[in-house]
Amino acid sequence: MKTAKEILSRAAGLFLIFTLLCGVAYTGIVTGFAQVLFPNQANGSIIEADGVKYGSELLGQTYTDDAHLWGRIMNLDVTTYQDADGDTLLYSAPSNLSPTSEEYAALIAARVEKIRGANPAMDEKAIPVDLVTCSGSGLDPHISPAAAEYQVARIAAASNKSEAKIREIIAACTTGKFLGIFGEETVNVLETNLMLDGILPA
Amino acid sequence: MAGSIIQYVLYLTILVALAIPLGAYIKRVMYGEKTTFSKIFTPCERAVYKVLRIKGDEDMTWKQYLVSILIFSGIGFVFLFLLQLLQGVLPGNPQGLGGVNWDLSFNTAASFVTNTNWQAYSGEATLSYLTQALGLTVQNFVSAATGIAVLFALIRGFTKVKEKGLGSFWVDMTRIIVQILLPLNLAITLLLVGGGVVQSLKSAETVTLLEPVAVSAEGEILEDAVIDLAAKTVSVDGKIVSDAEIVTEQFVPLGPAASQIAIKQTGTNGGGFFGVNSAHPLENPSAFTNLIEMISLLLIPAALCFTFGKAVQNKKQGTAIFLAMFLMLAAALGVLAVNEQNAATALSENSAVDVSMADQAGGNMEGKESRFGIVASATWAAFTTAASNGSVNSMHDSYTPLGGMVQMLQMQLGEVIFGGVGCGLYGMLAFAILTVFIAGLMVGRTPEFLGKKIEPYEMKWAVLMCLATPIAILVGSGAAAMVPEVAQSLNNSGAHGFSELLYAFSSAGGNNGSAFAGFNANTVFLDVSLGLVMLFARFLPIAGTLAIAGSLAGKKRIAMTAGTLSTTNGMFVFLLIFVVLLIGALSFFPALALGPLAEFFGGIA
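Being a predicted model, the structure only gives us computed values, none of them experimental.

Cut-offs and rules
Residues numbered from 1 in each chain as written. Chains lettered and ligands numbered in written order. Predicted model: local features only at pLDDT ≥ 70, side-chain atom pairs only at ≥ 80, totals over all residues. Helix = DSSP H or I, 4+ residues; strand = E, 2+ residues; numbered from the N terminus. Rg over C-alpha atoms; globule rule 2.2 N^0.38 Å. Buried ≥ 20, exposed ≤ 12 C-beta atoms within 10 Å, placed from the backbone. Pairing = 2+ DSSP bridges. Axes fitted to C-alpha atoms, helices over the stretch in contact; angles between N-to-C directions. Contact = placed C-beta atoms within 7 Å. Nonpolar A, V, L, I, M, F, W, Y, C, P; charged D, E, K, R; others polar. pLDDT = per-residue confidence, 0-100. Domains from an automatic or database assignment.

**Concerning the overall build of chain B**
In terms of regular secondary structure, chain B is built from 18 helices and 8 strands. What you see for chain B is a C-alpha radius of gyration of 25 Å, in line with the 25 Å of a compact globule of 605 residues. The principal-axis extent of the C-alpha atoms belonging to chain B is close to 90 × 60 × 50 Å. Relative to its full complement of 605 residues, chain B shows a buried share of 60%.

**Quick look at the sheet that holds strand S4 (residues 88-93) of chain A**
Reading across the sheet, the 4 strands line up as S3(A)-S4(A)-S5(B)-S1(B) and stay open at both edges, with mixed pairing between neighbours. Taken across any chain shown, the strands that pair with only one partner, and hence form the sheet edges, are strand S3 (75-82) of chain A together with strand S1 (205-215) of chain B. The average undirected angle you get between the axes of adjacent strands in this sheet is 45°. As defined by bridge partners, S4 of chain A adjoins strand S5 (residues 245-252) of chain B across 2 bridges and the pair is classed as parallel. Following the sheet pairing, Leu 90 of chain A is matched in S5 of chain B by Gln 250 of chain B.

**A closer look at the pairing of S5 of chain B**
With 7 bridges connecting them, S1 of chain B and S5 of chain B associate as antiparallel partners. Bridge assignment links Ala 214 of chain B to a residue of S5 of chain B, and that residue is Ile 246 of chain B.

**Quick word on the interface of chain A and chain B**
Across the contact, 97 residues belong to chain A and 106 residues belong to chain B. It is helix H1 (residues 4-37) of chain A that contributes the most residues to the side of chain A that touches chain B, 21 residues altogether. A class-by-class count of the residues in the side of chain A that touches chain B yields 53 nonpolar, 33 polar and 11 charged. Pairing geometry for strand S5 (residues 127-128) of chain A and strand S6 (residues 353-354) of chain B, over 2 bridges, is parallel. In the strand pairing of S6 of chain B, Pro 128 of chain A is matched with Asp 354 of chain B.

**Here's the deal with the environment of Val 486 of chain B**
Residues and elements named next belong to chain B. Mapped onto the fold, Val 486 is located in the loop between helix H15 (456-482) and helix H16 (494-509). Residue classification places Val 486 among the buried positions, given that 23 C-beta atoms sit within 10 Å. In sequence terms Val 486 and Arg 557 are 71 residues apart; their C-alpha atoms lie 53 Å from each other. Once residues within four sequence positions are removed from consideration, Val 486 is found in contact with Ala 480, Leu 501, Phe 525 and Leu 526.

**Some words on the confidence of the model for chain B**
On average, residues of chain B carry a pLDDT of 94, and 99% of them reach 70 or more. Listed scores for the predicted complex are pTM 0.95 and ipTM 0.96.

**Looking at the environment of Gly 183 of chain A**
Among the structural elements, Gly 183 of chain A can be located in the loop between strand S7 (174-175) and strand S8 (186-188). Overall, Gly 183 of chain A belongs to the buried group, with 25 C-beta atoms counted inside 10 Å. Separated by 142 residues in the primary sequence, Gly 183 of chain A and Gln 41 of chain A place their C-alpha atoms 20 Å from one another. In this view, Gly 183 of chain A contacts Lys 177 and Phe 178 of chain A together with Ala 287, Asn 290, Arg 371, Phe 372, Gly 373 and Ala 376 of chain B; residues no more than four positions away in its chain are not counted.

**Let's talk about the sheet that holds S8 of chain A**
Sheet strands pair via backbone hydrogen bonds, and the direction of the pair is either parallel or antiparallel. All names here are of chain A. Pairing is antiparallel across the open sheet formed by 3 strands, whose spatial order is S6-S8-S7. Where the open sheet ends on each side, the last strands, each with one partner, are strand S6 (142-143) and S7. Two elements, S6 and S8, share 2 bridges in a ladder whose sense is antiparallel. Directly across from His 142, in S8, lies its bridge partner Asn 188.

**Focus: the domain arrangement of chain B**
How big an interface is tends to be stated in terms of the accessible area lost upon association of its parts. Domain parsing of chain B yields domain 1 (18-200 + 255-300) and domain 2 (205-252). Taking only C-alpha atoms, the centre of domain 1 of chain B and the centre of domain 2 of chain B are 44 Å apart.

**Regarding the environment of Thr 319 of chain B**
Residue and element names in this part refer to chain B. With respect to the element layout, Thr 319 can be found in helix H10 (residues 315-342). The class of Thr 319 is partly exposed, set by 18 C-beta atoms lying within 10 Å. Remark: the alpha-carbon pair of Thr 319 and Cys 305, spanning 14 residues in sequence, is separated by 6.9 Å.

Pasting the structure below:
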């Protein structure tokens with residue numbers, strides 16, 4: 001018959017070994033492989049041009065300039081993160097609102113009004129749902145092709161580019177479904193805007 | 001439309017196609033048989049035994065097995081609790097985060113030791129890399145392994161005849177971790193990193209915003225402000241706002257994420273490295289990573305059904321249980337898919353918003369990512385609440401009322417629709433015991449299951465196991481509803497606010513870990529009460545399972561006769577589903593009527 005003391009020492013020994021195996025060795029080996037094989041992805045998929053880090057390919061930013069493509073609605077967070085100098089860093093969070101609430105209906109109505117005002121060329125055309133909703137992360141870097149197409153006329157009017165050129169840039173920043181089946185077709189908003197601004201080669 | 005249906009069908013098909021061979025592999029490993037990888041893994045396994053002087057043929061009674069689990073989990077709990085309290089003075093903390101307060105540490109330790117992974121915090125703002133890797137990643141592995149170990153103890157109860165022992169907890173744990181979980185997750189992690197998930201020990205990045213943002217002294221965003229970067233001034237309607245701050249940089253969190261994300265999925269843990277879990281683009285960047293994460297979420301629970309059939313030498317029994325689970329999952333997925341695609345009326349805003357599927361996912365996109373759309377989000381939501389995983393790739397709080405209700409119901413049914421690794425299946429077997437008992441009463445025969453007589457002792461424990469979840473959820477949410485301060489934690493008002501509270505306790509009571517995340521669960525009362533609910537709902541069923549296993553192992557095997565009730569045919573599958581739904585519906589209809597049902601009918605009126 002085993003005593004509780006024997007079980008205790010065995011449990012502690014096993015816990016220590018698993019901590020070393022799963023916490024130290026596994027995490028360490030994986031980090032090593034990742035840094036060697038996929039250094040860009042493993043470090044946040046940062047877009048760098050001329051020595052400036054223009055954001056992460058995978059994190060959405062907020063846009064109000066008519067000459068830029070706009071992304072999903074962001075619920076901006078300016079209180080949680082600061083850099084070493086104490087300057088505020090932008091982050092974002094999901095809304096977690098119920099889509100049936102009155103508060104939510106009022107928010108949607110306000111967004112519809114704002115987007116209609118900014119896109120007079122689209123007149124009464126229904127606005128693609130991506131443009132009036134907050135995403136799951138609050139940091140969604142993408143919108144649907146329908147949401148991008150809706151903004152082409154506005155961007156053309158606010159910049160000196162033709163609609164054809166803008167569509168060409170959007171197409172270059174569009175990723176299809178995985179294997180043509182899984183997920184959705186998406187347009188990367190930051191990449192599109194960096195090309196519109198000429199920071200990335202279009 | 002057709003494309004969506006193909007996607008739904010393929011997700012389910014890929015899952016089953018991978019689960020069957022994995023189930024066979026797990027069986028071989030756990031019975032010490034030769035596998036393709038034995039040459040590499042068996043020496044590693046032996047090395048662990050040698051260091052700890054564990055005997056490979058040790059045979060524990062059910063009480064010894066239970067005490068071993070409790071002590072092992074207790075050590076993990078204390079270690080994780082202290083690690084969080086002390087992380088501020090420990091290394092591996094490039095963001096310089098402070099120690100976690102005691103109630104949140106208690107909650108998180110309880111949460112990860114019980115395989116729940118409920119999170120009342122945001123990883124990137126609260127936990128150091130050391131805490132994540134040494135504390136959480138390790139518990140992700142060992143809590144999952146514990147669930148699988150208990151399942152095998154129960155399987156031995158069915159297969160052994162007139163014996164006392166149920167095997168060795170130490171051997172079971174070592175085999176599961178060394179031969180199953182570690183290799184599987186090494187492979188998955190590399191796929192995830194290749195797909196863009198971060199895996200780094202560097203401190204977080206800061207990057208330049210293309211369009212700076214102006215923030216008032218009160219922390220409000222000044223939406224229509226004109227920003228002059230050269231002069232560093234902000235003006236609104238032509239007037240300069242002197243105390244406004246111009247934010248020019250964005251926070252990009254990093255950390256050893258991919259390694260933890262792989263095991264959080266395969267071990268049905270669900271605790272995100274980042275606060276918004278697999279909705280975060282750095283945790284789940286593409287449809288490719290989403291496919292891998294989503295399939296791995298249900299892979300082991302589904303595989304274990306087939307393992308079970310092989311281990312009890314009755315493959316049809318494994319298939320029957322798999323079918324009962326699969327049918328319930330498919331039904332839940334159907335309800336979720338239809339409700340989310342149809343969207344809520346508030347969203348279409350008198351047809352000003354396009355929710356169709358033309359060149360976009362359409363539907364209720366609030367809280368959902370563009371790259372996943374409705375199909376991959378609804379499928380994940382169905383999988384994660386079925387599997388007691390609790391990771392999310394969309395915000396459940398923003399689902400339609402009936403979509404949210406299905407998520408809650410899957411947890412409230414006791415997490416037996418596949419459920420957590422190991423625990424889902426042993427929970428379902430308790431329901432199977434209940435089913436043969438009820439069926440036995442109807443035909444007037446002594447109930448038996450897999451050649452073992454089911455008697456009052458097993459019945460008492462099985463009933464306790466089946467009722468543990470409803471008791472934990474209803475007592476917990478009932479008590480919390482009486483505490484006035486809890487109302488301040490709600491993010492939505494009215495019926496949906498009550499749903500947030502009910503969801504929190506359903507998640508804790510089902511050891512799921514997902515949330516209606518608007519709910520602020522980080523208060524002393526909620527941290528402690530949810531922590532206690534998780535511990536109760538985890539360890540009572542473990543005790544029940546082992547007690548039943550110990551009793552069954554000591555019994556003789558009775559021969560099948562013409563009068564024996566078949567437990568492998570369609571009738572049994574139907575009865576099993578019926579019993580699961582009956583207990584769930586009777587327990588939770590009143591609570592659901594106050595939450596999601598009230599919200600749904602409120603929307604129609």
